[in-house]
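Given next are the chains, with one letter for each unit.
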Amino acid sequence: MAKSNKPIVWSLFAAGGTLAALLAPVLVLLFLLAALGHAPGLLSYAQLHAFAAHPLGKLFLLTVIALFLWHAAHRLRVALHDFGLRQDRIVAVIVYLVAATGTALSVLYLTRI
Amino acid sequence: MNERMVQLDVLRYDPQVDDEPHFQHYEVPCKEEWVVLDALNAIKESIDPTLNYRWSCHMAVCGSCGMMINGEPRLSCHAFLRDFEGVIRVEPLANFPIERDLVTVADDFIDKLKRVKPYLIPGETRSIDEGEYIQTPAQLMKYRHFSMCINCMLCYAACPQYALQPLFLGPAAITLAHRYNLDSRDGGRDERQQVIATNEGVWECSFVGACSEVCPKAVDPAGALQQVKVASTLDWFREHLLPGDTK
């Protein structure tokens with residue numbers, strides 16, 4: 001029996017999961033506050049634009065967005081398997097394609113800032 | 001000693017006679033401090049000698065008496081009657097074929113156990129004159145709690161992945177492979193990785209964690225499998241990205 005190639009997606013899943021556990025609640029809270037009009041000065045458009053324009057800021061945003069996407073994709077694949085959907089190959093192709101598209105679009109938009 | 005009537009619904013199945021398994025109701029006079037296994041023994045001794053089940057040590061060491069008690073995989077010698085109310089439902093371990101009544105066919109698990117080579121494969125061969133393989137307490141602590149497994153198969157009965165995919169190597173077998181991989185005297189990791197770092201090995205696990213919840217010896221198979229995933233992932237990158245390693 002050949003060794004599995006799942007480590008490729010699992011490493012992205014694990015890294016994304018760790019990052020999500022650390023960052024997701026804070027991000028949700030901050031975005032909710034911003035949406036309700038209570039954005040602190042640090043989250044003003046000008047500040048965030050400057051952050052996203054800096055190469056390190058771009059790298060950080062890409063890391064967060066891409067790893068979250070790959071984590072969600074793998075989680076969804078496993079969850080569908082757990083729910084009894086036995087079309088793993090099709091599901092895998094679809095969810096990873098979405099994550100890959102999201103990653104590519106993030107790169108595209110970040111380079112445009 | 002207080003005695004009370006305990007009611008049990010026990011799954012009965014004799015493949016030579018019955019088309020399908022069915023529940024049989026028993027009322028058993030039980031002592032307050034008894035466990036479910038005592039109640040079954042009382043049934044077998046004085047009510048119905050045809051009831052079949054496995055047991056041996058009565059002290060959570062042998063791992064023979066695992067069964068579903070009110071739908072949960074438990075050692076029946078470890079399930080106190082005083083913790084249950086009403087009728088207690090007793091069934092054979094889930095995810096295994098029934099041999100008869102509460103006795104299951106364990107061949108699949110035994111086969112998987114053999115495949116992961118759960119024994120010491122010495123990294124260096126030593127003659128008897130050279131003496132024993134020395135290990136420090138710190139080296140022992142790395143794997144000690146994984147070595148507490150008694151092969152009771154409760155984790156297989158609890159694992160939803162094993163229920164969905166019977167080819168899955170499963171919690172206990174992979175944990176025991178990990179136990180030997182972590183042993184400082186062992187050199188068999190490469191051989192075991194061929195079996196456990198596969199799609200039907202550790203990568204079938206989706207970290208539900210039910211195995212660790214039902215484990216009567218606190219072995220934490222889910223933790224072991226996560227460690228195997230991390231180690232196998234590092235292996236993968238080493239084998240595919242580093243030059244010179246073509247394993």
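Relevant structure appears above.
If you're wondering where the values come from, they're calculated on a predicted model, not measured in any experiment.

> Residue-level account of the packing of helix α1 (residues 7-35) of chain A against helix α3 (residues 55-82) of chain A, with values.
Residues and elements named next belong to chain A. It is at 7 Å that the axes of α1 and α3 come closest, and there the two elements cross at 115°. When the axis of α1 is compared with that of α3, the two are roughly perpendicular. Of the two elements, α1 crosses α3, and the hand of that crossing is left-handed. Residues Val9, Leu12, Phe13, Ala15, Gly16, Gly17, Leu19, Ala20 and Leu23 of α1 form the contact with α3, whose participating residues are Val64, Leu67, Phe68, Trp70, His71, His74 and Arg75.

> Describe the sheet that holds strand β3 (residues 66-69) of chain B, naming the residues involved and giving the relevant values.
Residues and elements named next belong to chain B. Spatial ordering of the open sheet is given by β2-β1-β5-β3-β4, a layout of 5 strands whose pairing is mixed. The open sheet has two edge strands, β2 (22-31) and β4 (72-75), and neither has a second partner. Taken over all neighbouring pairs, the strand axes of this sheet differ in orientation by 35° on average, direction set aside. Taken together, the 4 bridges between β3 and β4 define a ladder with antiparallel strand orientation. In the sheet register, Met67 faces β4, and the bridge partner there is Arg74. Contacting β1 (3-12), β2, β3 and β5 (88-91), helix α1 (residues 36-46) crosses the sheet at an angle of about 100° to β2.

> Describe the packing of α1(A) against helix α9 (residues 221-241) of chain B, naming the residues involved and giving the relevant values.
One can describe the packing of α1(A) onto α9(B) by two numbers: an axis separation of 9 Å at closest approach and a directional angle of 125°. Considering their axes alone, α1(A) and α9(B) lie oblique with respect to each other. Relative to α9(B), α1(A) is oriented so that their crossing is left-handed. Contacts from Pro7(A), Trp10(A) and Ser11(A) in α1(A) reach Lys229(B), Ser232(B), Thr233(B) and Trp236(B) in α9(B).

The rules behind the values
Note on numbering: residues in each chain are counted from 1, in written sequence order. Chain labels run from A onward and ligand labels from 1 onward, assigned in the order the entries are written. Under the rules for a predicted model, residues below a pLDDT of 70 receive no local features and side-chain atom pairs below 80 are neither given nor counted, while totals for whole chains, interfaces and linings still include all residues. Here the axes come from fitting lines to C-alpha atoms, over the contacting stretch only for helices, and the angles between their N-to-C directions go from 0 to 180 degrees. In this text, helices come from DSSP runs of H or I with a minimum length of four residues, and strands from runs of E with a minimum of two, each type numbered from the N-terminal end. Should an angle lie under 35 degrees it is considered roughly parallel, over 145 roughly antiparallel, and from 65 to 115 roughly perpendicular; all remaining angles are considered oblique. In a left-handed crossing the near helix is turned counterclockwise from the far helix by less than a right angle, and in a right-handed crossing that turn is clockwise. With C-beta atoms placed from the backbone, a contact is any residue pair whose C-beta atoms sit within 7 Å. We call two strands paired when DSSP finds no fewer than two bridges between them.

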